[in-house]
Amino acid sequence: FHQMYPEVQLYFENHNQYELIKRLNQNLLDVCFTFSGLIPDTKNLFFHKLFDVEKYIVYSSLLNPVPADQASASDFINDIFYCVGDESNSEILDFLLNYCQDYHLYPKVKIVPNIESVMTNVEFGNGATIVDGLTQFNESERIRKIRIHPDHIFSSVWMNPTITPEITVLNTFLENTYKAE
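Being a predicted model, the structure only gives us computed values, none of them experimental.

Conventions and cut-offs
- Counting starts from 1 at the beginning of each chain's written sequence and moves along it residue by residue.
- Only residues with pLDDT of at least 70 get local features here, since the model is predicted, and only at 80 or more are side-chain atom pairs given and counted; chain-wide, interface and lining totals rely on the full set of residues.
- With hydrogens and water set aside, each side-chain value is computed from the structure's full complement of heavy atoms.
- Only when DSSP finds a minimum of two bridges between them are two strands counted as paired.
- Going along the chain from the N terminus, every DSSP run of H or I of four or more residues is numbered as a helix, and every run of E of two or more is numbered as a strand.
- Interaxial angles span 0 to 180 degrees and are taken between N-to-C directions of axes, which are lines fitted to C-alpha atoms, for helices over the stretch in contact.
- Any two residues having at least one pair of non-hydrogen atoms within 4.5 Å are treated as being in contact.
- Residue exposure (1.4 Å probe, protein chains only): buried if accessible area is under 20% of the type maximum, exposed if over 50%, otherwise partly exposed.
- Residues adjacent in sequence count toward polar contacts only when both atoms are side-chain atoms; beyond that, a polar contact is any pair of N or O atoms within 3.5 Å, and within protein one must be able to donate a hydrogen and the other to accept it.

(A) Fine view of the sheet that holds strand β1 (residues 32–36). Across the sheet, which stays open at both edges, the four strands sit in the order β1-β6-β2-β5 with antiparallel pairing between neighbours. At either margin of the open sheet sits one strand with a lone partner, and together these are β1 and β5 (129–132). With direction set aside, neighbouring strand axes in the sheet form an average angle of 40°. Running over the sheet, helix α3 (residues 115–123) touches β2 (46–60), β5 and β6 (143–158) and is turned about 30° from β2. Contacts from helix α4 (residues 165–179) reach β1, β2 and β6, with the element oriented near 45° to β2.

And the structure:
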């Protein structure tokens, strides 16, 4: 991207959706990338769909010996679901509980500080998690995943009601790059 558009400077930061909104509101970010549906749809935020991303329930054979090709979301009804966040932020807990209801899951939720903590707990059979197809983690022979629907919608999000030329260029570049894959 930088070779094609040297006038556009990209800096990358990784934040949860609440921090992204805060940074957009404080004009610390011009644009961010996240999944539509993970950020509340408000009048001051503008979304542009870039591409679909697969979604999975990830679990360990220590938690549930059912092979991934025979498992379904209902197999995890009574399990703990791990997610990344700040335990003092009740919005994350509420969001995950509402999110899981779409799959008829009403899990016990355990919030941990990072994806490494999530995946370590999952691998040792302490619970399951829901991840997107962009999340990278070390897979072992115990880790299994089942695809769930609908897919996530990966979007660019910005505050200004007038889209800048730089955001348009970036959106087009990302759409074309991921269509090719």
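And the narrative resumes.
(B) Broad picture of the environment of Ser 140. Position of Ser 140 relative to the elements: it lies in the loop between β5 and β6. Here Ser 140 falls in the partly exposed class, since its relative accessible area comes to 25%. In this structure the C-alpha to C-alpha distance between Ser 140 and Glu 123, which are 17 residues apart in sequence, comes to 8.0 Å. A polar side-chain atom of Ser 140 sits 2.9 Å from a polar atom in the side chain of Glu 123.

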